[in-house]
Amino acid sequence: TNKSFRGRGMEDQKSEKERGHTKHQEKLDLSEKLRQLSSQKRRKECLDLYASPINDAIRDGFHGSIVVDCCARCGDIIEAENTVIDMMHANKHNKQTQQRDGHFFWTDEPLSYYKKVPIQAWTALLKGYAHKGEMGKADSLFGYLCSTTPAKSSLGKKRKQNNDPNVRTLNTVLRGCMWTATS
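The rules we used
- Residues numbered from 1 in each chain as written.
- Predicted model: local features only at pLDDT ≥ 70, side-chain atom pairs only at ≥ 80, totals over all residues.
- Heavy atoms only, no water.
- Helix = DSSP H or I, 4+ residues; strand = E, 2+ residues; numbered from the N terminus.
- Buried < 20%, exposed > 50% of the residue type's maximum accessible area, 1.4 Å probe, protein only.
- Axes fitted to C-alpha atoms, helices over the stretch in contact; angles between N-to-C directions.
- Parallel < 35°, antiparallel > 145°, perpendicular 65-115°, else oblique.
- Contact = heavy atoms within 4.5 Å.
- Nonpolar A, V, L, I, M, F, W, Y, C, P; charged D, E, K, R; others polar.
- Salt bridge = Lys/Arg side-chain N within 4 Å of Asp/Glu carboxyl O.
- Phe/Tyr/Trp six-rings, centres within 6.5 Å; stacked < 30°, edge-to-face > 60°.
- Lys NZ or Arg CZ within 6 Å of the ring centre and 35° of its normal.
- Left-handed = near helix turned anticlockwise from the far one by under 90°.
- Polar contact = N/O pair within 3.5 Å; in protein donor to acceptor, adjacent residues only side chain to side chain.

A. The overall build of the chain, seen in detail. Across its full length, the chain holds eight helices and zero strands. In the chain, the succession of α and β elements from N to C terminus is α-α-α-α-α-α-α-α. Here the chain, with 183 residues, has 38% of them falling under the buried criterion.

As structure tokens, this is what we get:
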């Protein structure tokens, strides 16, 4: 009986490993499908696939970033903002995108909510604002992203996070300025 017990344990470990591999592959497959839809500017299909309950267990911030990029490419800023808000609230669907008294939705949330959204999504949203000529929003968002970046730790080293603004974020804002100046 000892052998059969050990064998079952190995099978359980193996099937657990296989489930992990399958889930990882499902995430990669979803990313690829969303990227294809985004590059083809098929916004509705991209949103539907992203929101599908089938993907609840595998959906993550990087999938959301692809959707924000798709919405930005298609000129649907409201849906791009809604996707970011959903990401901030861990998909609780609290959709309030309007500007209130000179403040934007990202400034009304605790810093911990902002940190839930990958920089790729914020950068895609910046791109959407730039394409729509909404450089005031782009400037406000970029300023907010930079102000929430930790300066230096007590050891004097900058603490780099995956969702801190990067050179691509800056270039997106600069391109937006150029587009706005030439139009």
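B. Summary view of the packing of helix α3 (residues 61–73) against helix α6 (residues 119–131). Two elements in contact, α3 and α6, have axes separated by 8 Å at closest approach and are oriented at 5°. Accordingly, the angle class assigned to the pair α3 and α6 is roughly parallel. Every residue of α6 that contacts α3 at Phe62, Ser65, Val68, Asp69, Ala72 and Arg73 is listed here: Gln120, Ala121, Ala124, Leu125, Lys127 and Gly128. Class assignment of the residues belonging to the contact of α3 with α6 gives a composition of six nonpolar, three polar and three charged.

C. Quick peek at the environment of Leu34. For Leu34, the position within the fold is in helix α1 (residues 2–39). For Leu34 and His63, which are 29 residues apart along the polypeptide, the C-alpha to C-alpha distance reads 7.3 Å. Not counting residues up to four positions away in its chain, the partners in contact with Leu34 are Cys46, Leu49, Tyr50, His63, Ile66 and Val67.

D. Quick peek at the pattern of salt bridges. Applying the stated criterion across every chain, the model contains 10 salt bridges. For Lys27, the salt bridge is made with Asp60, and the minimal N-O distance between the two is 3.6 Å. On the criterion of sequence distance, the pair formed by Lys27 in helix α1 and Asp60 in the loop between α2 (43–51) and α3 is long-range, its members being 33 residues apart. What makes Asp60 partly exposed here is its relative accessible area of 24%. Two residues, Lys127 and Asp69, come together in a salt bridge whose shortest N-O distance is 2.5 Å. Remark: Asp69 occurs in helix α3 and Lys127 occurs in helix α6; sequence separation between them is 58 residues. Since its relative accessible area comes to 18%, Lys127 is described here as buried. In this structure Asp69 comes out as buried when scored by relative accessible area, which is 17%. Because the salt bridges share partners, they merge into one network encompassing Asp69, Arg73 and Lys127.

E. Here's a closer look at the packing of aromatic side chains. Scanning all chains against the criterion turns up zero aromatic pairs. Lying across the ring of Tyr50, Arg59 places its NZ or CZ 5.3 Å from the centre.

F. Local environment of the packing of helix α4 (residues 77–88) against α6. Where α4 contacts α6, the axes come no closer than 10 Å and their chain directions differ by 160°. When the interaxial angle is binned, α4 and α6 end up roughly antiparallel. α6 is crossed by α4, and the crossing has left-handed handedness. Where α4 abuts α6, its residues Ile77, Ala80, Glu81, Val84, Met87 and Met88 lie against Ala121, Trp122, Leu125, Gly128 and Tyr129. For the contact of α4 with α6, a count of residues per class yields nine nonpolar, one polar and one charged.

G. Representation of the side chain of Ser31. In this structure, Ser31 sits in helix α1. Its relative accessible area of 11% is what places Ser31 among the buried residues. Of note is the side chain of Ser31, whose polar atom sits 3.1 Å from the side chain of His63. Apart from the residues within four sequence positions on either side, Ser31 is in contact with His63 and Ile66.

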